[in-house]
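# Working through the structure, step by step
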Amino acid sequence: MKLKQMTKALMAVGVVHTLVAVAPALAQEAEPKVQKIEITGSSIKRTSVETSASVQIMTREDIERTGATTVLGILTDSVAVGTSLNAASNSSGSFATGASAVGMRGLGKVATLVLVNGRRIAPYGLSDGAQDNFTDLNAIAADSIERIEILKDGASAIYGSDAIAGVINIILRKNFQGAQIKAGYTTTENLSDRRTRNVSAIYGFGDVAKNGFNTYLTIEGNKRDGYTTDNMRNLYPDWHRLTPGRSTWDAKSDYSATGNYFISSTNFVAAPGCPASDIDPTDKRCKFDPLPYAGQTTNSERYALASNTRFKIGSDIDANFEVTYSSSFDSYILAPLTTLVSTGNVWYNVYGNKMVGPFSYPKLPVGHPSNPYKTPTEYRARLMDTGNGFNFNKTNSDQYRAMLALEGSLGNYDWKSAFGHMEASADKVTRATSAKGYTDAIVNKTYVFGKENDRALLESMFPIRTTKGKSAVTFLDATLTGELMQLPAGPLSFALGADFRHEAYEMKSSDNVLNGELVGIFGLQVKDTRNQYAIFSEATIPVVKNVEASVALRADKQGDFDAHLSPKLGLRYTVTDSILVRATASGGFRAPNIVESGNGLGRSSVSNGNNDLRRCPIANDLNNLIQNNPAATTGDKALGNGYRATDCSASLPSFVSSNPNLKPETSRSYTMGLVFAPSKTWNFGIDYYNIERKDEIGTRSVVDILKGEASLPAGQLLRVDNSVADNEFLALVKKYAPANTITFQNIGKLGLVYNPYVNSGKTRASGFDFDVKTSFKLDGVGTLRLNLDGNYEMNYQTYSVADGKWNKNVVGTYDRGGQLGAKVTAALKTGNWDNSVVVSYVSGYSANSLSSPTYCATQKVAAEYLSTCERIDAGITTNYSLTYSGFKNTKLNFFVGNVFGAENPTDWRGGWAPNFRTFYLNGTYKF
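Presented here is a report on the structure given in the accompanying data block. Model, not experiment: these values are computed from the prediction. (Residues numbered from 1 in each chain as written. Predicted model: local features only at pLDDT ≥ 70, side-chain atom pairs only at ≥ 80, totals over all residues. Heavy atoms only, no water.)

## Observations regarding the overall build of the chain
What the chain contains, in helices and strands, is 16 helices and 40 strands. Each of the three principal axes of the chain carries a C-alpha extent, and together these read 95 × 65 × 55 Å. Out of the 927 residues belonging to the chain, those deemed buried represent 54%. For the chain, long-range pairs separated by at least 24 residues make up 73% of all intrachain contacts whose partners lie at least 6 apart in sequence. Placing the 95 positive and 87 negative side-chain charges of the chain at their respective mean positions leaves the two points 2 Å apart. (Helix = DSSP H or I, 4+ residues; strand = E, 2+ residues; numbered from the N terminus. Buried < 20%, exposed > 50% of the residue type's maximum accessible area, 1.4 Å probe, protein only. Contact = heavy atoms within 4.5 Å. Lys, Arg positive; Asp, Glu negative; His and termini not counted. Charge placed at Lys NZ, Arg CZ, Asp CG, Glu CD.)

## Quick notes on the packing of aromatic side chains
Within the structure shown, the criterion is met by 33 aromatic pairs. Consider the rings of Y348 and F655, whose centres lie 3.9 Å apart with planes at 15°: the pair is stacked. Here F655 lies in strand β26 (residues 650-656) and Y348 lies in strand β14 (residues 345-349), a separation of 307 residues in the sequence. The exposure classification of Y348 matches that of F655, with both residues buried. (Phe/Tyr/Trp six-rings, centres within 6.5 Å; stacked < 30°, edge-to-face > 60°.)

## Here's the deal with unusual backbone geometry
Positive phi outside glycine occurs at Q745, with the angle close to 55°. With respect to the secondary-structure elements, Q745 resides in the loop between α14 (723-736) and β30 (749-754). Q745 gets classed as exposed once you look at its relative accessible area, which sits at 55%. Of note, the phi angle at N746 is positive, near 60°, even though the residue is not glycine. You can call N746 exposed: its relative accessible area is 83%.

## Comments concerning the sheet that holds strand β10 (residues 260-264)
Taken in spatial order, the three strands line up as β11-β10-β16 in an open sheet, and their pairing is antiparallel. At either end of the open sheet lies a strand with only one pairing partner, and these are β11 (267-270) and β16 (378-380). Neighbour-to-neighbour, the strand axes of this sheet turn through a mean angle of 30°, independent of strand direction. Of the strand pairs in this sheet, β10 and β16 are connected by three bridges, and their pairing is antiparallel. Bridge pairing in β16 links F262 to E378. (Pairing = 2+ DSSP bridges. Axes fitted to C-alpha atoms, helices over the stretch in contact; angles between N-to-C directions.)

## A short note on empty space enclosed by the protein
One pass over the structure, following the stated rule, counts nine cavities of 30 Å³ or more. In terms of lining, the largest cavity is formed by 31 residues, of which the most central are R120, P123, N133, D162 and E503. Mapped onto the lining of the largest cavity, the elements with two or more residues apiece are β3 (101-104), β4 (112-116), β19 (464-487) and β20 (490-509). If one sorts the elements of the lining of the largest cavity by residue count, β20 sits on top with four residues. When the residues that make up the lining of the largest cavity are grouped by side-chain class, the tally is 17 nonpolar, seven polar and seven charged. Approximately 160 Å³ is the volume found for the second largest cavity. Around the second largest cavity, the lining is made up of 16 residues, and of these G41, S52, E538, S550 and K568 lie nearest the centre. (1 Å grid on protein atoms, 1.4 Å probe; cavity = no way out; pocket = protein on both sides within 12 Å on 5 of 7 lines; lining within 4 Å. Points joined across faces, edges and corners; volume = space filled by probe spheres on them. Nonpolar A, V, L, I, M, F, W, Y, C, P; charged D, E, K, R; others polar.)

## Considering the side chain of N641
Along the chain, N641 turns up in helix α12 (residues 634-648). Within the structure, N641 has its side chain in polar contact with the side chain of Q627 (distance 3.2 Å). Among residues more than four places away in sequence, those in contact with N641 are G245, R246, S247, T248, N623 and Q627. (Polar contact = N/O pair within 3.5 Å; in protein donor to acceptor, adjacent residues only side chain to side chain.)

## Considerations on the state of the cysteines
By the definition in use, this model includes three disulfides. Between C274 and C286 runs a disulfide, and the two sulfur atoms are separated by 2.0 Å. The sign of the 85° torsion about the S-S bond sets the C274-C286 disulfide as right-handed. A residue pair is termed long-range when its members are at least 10 positions apart, and C274 in the loop between β11 and β12 (299-313) and C286 in the loop between β11 and β12 qualify at 12 residues. Using a relative accessible area of 15% as the deciding quantity, one classes C274 as buried. A disulfide bridge connects C616 with C648, and the sulfur atoms are separated by 2.1 Å. Judged by the torsion about the S-S bond (105°), the C616/C648 disulfide is right-handed. Note that C616 is positioned in helix α11 (residues 616-627) and C648 in helix α12, a separation of 32 residues in sequence. Classification of C648 by relative accessible area gives buried; the value is 10%. Among the cysteines of the chain that take part in disulfides, numbered as they appear in the sequence, the pairing is 1-2, 3-4, 5-6. (Disulfide = S-S within 2.5 Å.)

## A closer look at a nonpolar patch on the surface
Residues Y573, V575, V581, L674, F676 and I686 make up a contiguous nonpolar surface patch of roughly 440 Å² in combined accessible area. Secondary structure elements with two or more residues in the nonpolar patch: β23 (564-576) and β27 (665-679). Overall, Y573 belongs to the partly exposed group, its relative accessible area being 39%. (Patch = residues over 30% accessible without salt bridge, like charges linked within 9 Å, V, L, I, M, F, W, Y side chains within 5 Å. Areas by Shrake-Rupley, 256 points an atom, 1.4 Å probe, with all protein chains shown as cover. Salt bridge = Lys/Arg side-chain N within 4 Å of Asp/Glu carboxyl O.)

## Some details on the nonpolar core
With 43 residues, the main nonpolar core has I145, I148, I168 and I170 as its most contacted residues. Elements that contribute at least two residues to this core include exactly α3 (71-75), β3, β4, β5 (145-151), β6 (166-172), β17 (393-410), β18 (413-431) and β19. With sequence-adjacent residues up to four places away left out, I148 is seen in contact with Q56, I57, M58, I63, I74, L75, I168, N169 and I170. Residues W347, L383, A435 and M461 belong to the second largest nonpolar core, which totals 25 residues. (Core = buried A, V, L, I, M, F, W, Y, C linked by side-chain atoms within 4.5 Å.)

## Focus on the pattern of salt bridges
Opposite charge on two side chains allows them to pair when their charged atoms are near. The tally for this structure, following the rule as stated, stands at 59 salt bridges. Salt bridges sharing partners connect three or more residues here, namely D254, D280, D283, R285, K287, D636 and K735.

## Observations regarding the side chain of S654
Along the chain, S654 falls in strand β26. Judged by relative accessible area, S654 falls into the buried class, the value being 9%. Leaving out residues up to four positions away in the same chain, S654 has contacts with R603, S604, S605, L752 and V753.

## Re the environment of Y351
Checked against the element boundaries, Y351 lands in the loop between β14 and β15 (354-359). The spatial distance from the C-alpha of Y351 to the C-alpha of V448 is 34 Å, given a sequence separation of 97 residues. With sequence-adjacent residues up to four places away left out, Y351 is seen in contact with K508, D511, L514, N515 and L601.

## Details of the sheet that holds β4
With mixed pairing, four strands are arranged side by side in an open sheet as β1-β5-β6-β4. In this open sheet, the two strands that pair with only one neighbour each are β1 (55-59) and β4. Neighbouring strand axes in the sheet, compared pairwise and without regard to direction, differ in orientation by 15° on average. Here β5 runs beside β6; their pairing, made up of six bridges, is antiparallel. Looking at the pairing, E149 lines up with N169 of β6.

## Brief notes about the pairing of β18
Judged from the 18 bridges that link them, β17 and β18 form a sheet pairing that is antiparallel. Each bridged residue has a counterpart across the sheet, and for L410 the counterpart in β18 is Y413. Hairpin connection of β17 to β18: two residues between the antiparallel strands, including G411 at a positive phi of 65°. Both β18 and β19 contribute to a ladder of 18 bridges, which runs antiparallel. Counted as the bridge partner of W415 is L480 from β19.

## Some points on the environment of S256
Within the secondary structure, S256 is located in the loop between α6 (239-242) and β10. Along the primary structure S256 and P290 are separated by 34 residues, whereas in three dimensions their C-alpha atoms are 9.1 Å apart. Discounting chain neighbours no more than four positions away, the residues touching S256 are C286, K287, F288, R380, A381 and R382. Looking at S256, its side chain comes within polar contact range of the main-chain nitrogen of G259, at 2.9 Å.

## Notes on the packing of α12 against α14
At a closest axis distance of 11 Å, the pairing of α12 and α14 adopts a crossing angle of 140°. Between α12 and α14, the interaxial angle falls into the category oblique. Crossing of α12 against α14: the hand is left-handed. Two secondary-structure elements touch here, α12 through D636, L639, G640, Y643 and R644 and α14 through A725, E728, F729, L732, K735 and Y736. (Parallel < 35°, antiparallel > 145°, perpendicular 65-115°, else oblique. Left-handed = near helix turned anticlockwise from the far one by under 90°.)

Written as structure tokens, this is what we have:
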């Protein structure tokens with residue numbers, strides 16, 4: 001049966017059973033015994049889940065309805081959480097390949113604290129952008145999760161550094177008896193290569209009350225297949241080709257196995273011996289189709305385990321010994337390498353503390369067997385002997401945490417403490433071009449085109465380079481809680497505690513990178529340790545009847561930095577039994593990490609996709625003279641797009657050194673909200689938030705640097721001569737516009753920027769979170785639960801150092817996306833059938849941004865497409881989940897993502913992005 005037919009059949013079965021099944025009325029559940037619980041955002045146990053700050057709780061049932069097989073997928077099902085890094089789509093050039101991370105409020109992954117069972121896990125081994133330390137979500141076994149609590153408020157006063165935008169606490173199972181195995185398979189309509197397989201098993205035994213212990217072990221495996229652009233070739237819509245710079249997105253490449261001689265931009269000659277089938281009938285060049293080698297995503301294998309043993313020590317101490325471990329492997333799909341002809345490459349020699357370049361690859365010298373001309377000639381060819389696995393890009397990572405947590409009583413007070421050690425490591429291995437090795441092989445004529453060359457020669461031309469990173473943390477914490485005194489309105493409860501962390505981090509590029517031997521490759525070397533100490537206190541104070549204040553204060557001392565105080569004040573006013581008003585005010589911080597402030601030689605990197613404000617408008621005007629000429633060949637259009645991209649989507653190398661004089665980033669945040677529960681089945685909540693972060697650690701943004709280029713100190717931003725390539729571009733333009741007078745006015749292309757870590761940035765964000773929950777018992781059918789979860793963003797601004805003022809609000813622009821995001825969930829359970837429908841909505845937004853405030857006009861988009869270009873429409877996606885548990889010990893689930901096959905809204909600026917219809921089938925069996 002085809003997938004479409006199977007989908008309709010299974011959905012129909014579920015709907016029929018839901019609507020017509022006759023089930024007995026559900027028995028009235030007994031009222032649960034009231035007990036105190038600990039909610040994320042407070043160390044004090046309480047009887048109410050509603051605190052002075054908003055906390056979203058995702059139960060195990062909610063998690064299973066997402067259809068997600070990874071923690072990243074589970075978390076981003078919440079409107080409050082956004083993807084900050086995705087292992088499936090990270091660029092192969094990223095520093096932190098193989099990892100996934102999330103952020104909140106648009107403040108990035110370093111401003112959102114991720115906890116597992118209330119405590120941190122080691123940062124990923126490789127820093128993203130060679131700066132950001134973050135929690136890799138792939139290190140957590142998704143099937144071991146009991147629930148997730150998302151605190152939508154800053155909480156540095158409770159947890160310390162990084163808890164600026166919010167806290168995500170992933171709580172693992174604490175008890176399990178018996179055995180369970182789960183297996184699932186995900187596939188995609190019209191793209192069978194896009195698939196995943198997952199399997200997990202859990203086994204546990206023991207009863208704490210009867211046996212004095214319970215222990216379980218869960219093991220999980222996940223495999224995702226990579227796919228290429230060629231696999232999706234037939235899915236691209238026609239409008240994608242009309243967007244700026246994409247008219248030749250699927251054009252065959254001039255870098256073919258036989259090759260072409262590039263005499264000039266208007267004179268390409270196919271090399272002798274090119275098969276007739278590879279000759280382009282229009283421009284007569286020898287072509288190669290690269291799309292089967294253009295990887296859209298990585299091949300990935302991930303394994304994770306989690307074990308928790310609960311036991312009693314004596315009669316008063318509850319102990320938990322927890323071990324988690326994960327391992328992952330990611331491999332990119334890469335094509336055979338090519339001859340290299342770019343000019344003016346600039347990069348950095350970290351060991352030598354100097355810029356390398358501008359460097360140009362050599363042309364074929366006179367007398368080279370492959371050069372039939374009497375002058376050095378540029379030869380564009382595909383080196384097929386670097387395929388078949390020679391060219392690769394792989395990342396391996398491992399992570400573990402071992403922790404012993406104890407809880408007990410001391411008189412009238414409760415105490416808890418934990419001790420643990422955790423480590424994470426990651427190794428990235430790939431190839432790059434040796435400036436000397438490649439030059440020697442071409443100039444000395446030792447590389448022979450069109451044959452299988454010696455492996456040792458290939459290794460000298462394209463040696464392996466590595467980036468290795470490792471983080472390690474040892475921690476100890478202790479907290480004492482209880483009731484301090486009785487006030488007229490109730491007991492004053494408190495928490496007092498301390499924690500200690502010893503942190504070590506190292507990340508190093510291979511010596512051939514740090515020595516500047518590899519063309520255009522950027523590296524890092526840092527290795528340091530530091531200690532972090534903290535003391536904290538918290539109290540809940542019943543001020544008067546129905547009014548409760550919560551106060552917290554934490555002092556953190558890290559390394560050589562001054563101690564930092566983080567305060568928080570919360571108010572909770574129960575107006576009536578059905579109305580709760582709440583508010584918080586807090587200060588947060590993020591301490592400089594070891595990469596930013598520790599002992600090291602610094603890092604060099606490259607920023608891609610930049611709009612050169614001085615050269616891009618010129619490049620656009622020139623390119624349009626080619627693209628708009630009906631006589632232009634596909635090959636010449638591709639050349640024009642390539643020349644344009646070097647200025648309108650430019651790369652800018654940079655060198656950054658650590659700065660021991662950095663201050664912590666600080667923030668202040670306010671929330672104010674209302675919870676209205678008119679009945680036991682209805683609950684409304686709305687919360688306003690306002691966050692301002694200052695002294696942000698980082699380099700100045702490229703947008704800001706280019707905007708203020710005229711006022712930069714001499715030597716901070718280097719431009720390099722690009723006249724050779726510029727003249728080629730101009731010659732190509734004259735082929736189709738002989739009267740052209742537009743030139744680059746002797747403005748060099750972006751070369752290198754010296755951009756040290758500083759405390760300079762500021763960001764502010766505000767908006768509303770809202771949710772509505774209700775449930776109904778439908779006689780003879782079952783229980784219907786409805787939930788609306790949303791966010792309305794009012795303001796998001798960054799600070800411009802160049803202008804000395806706040807930039808414009810970018811909510812509703814290309815920088816931030818839609819202003820409103822919402823998700824409606826309808827879940828109907830009847831007998832053995834459980835159906836849920838989730839509808840997600842994101843409002844439309846402008847195609848303009850801070851870097852391109854008039855994008856469509858600047859990019860010279862044709863008048864008939866301006867209205868399409870200038871705005872990205874709202875998007876709606878519907879998912880469906882059907883679970884059947886009528887078989888003994890067995891549960892089957894069928895999930896359809898994007899049920900109606902909705903396309904993503906047309907994005908003229910970003911180009912087409914797929915929104916696949918997916919199918920996930922999984923089964924769980926309990927022994």
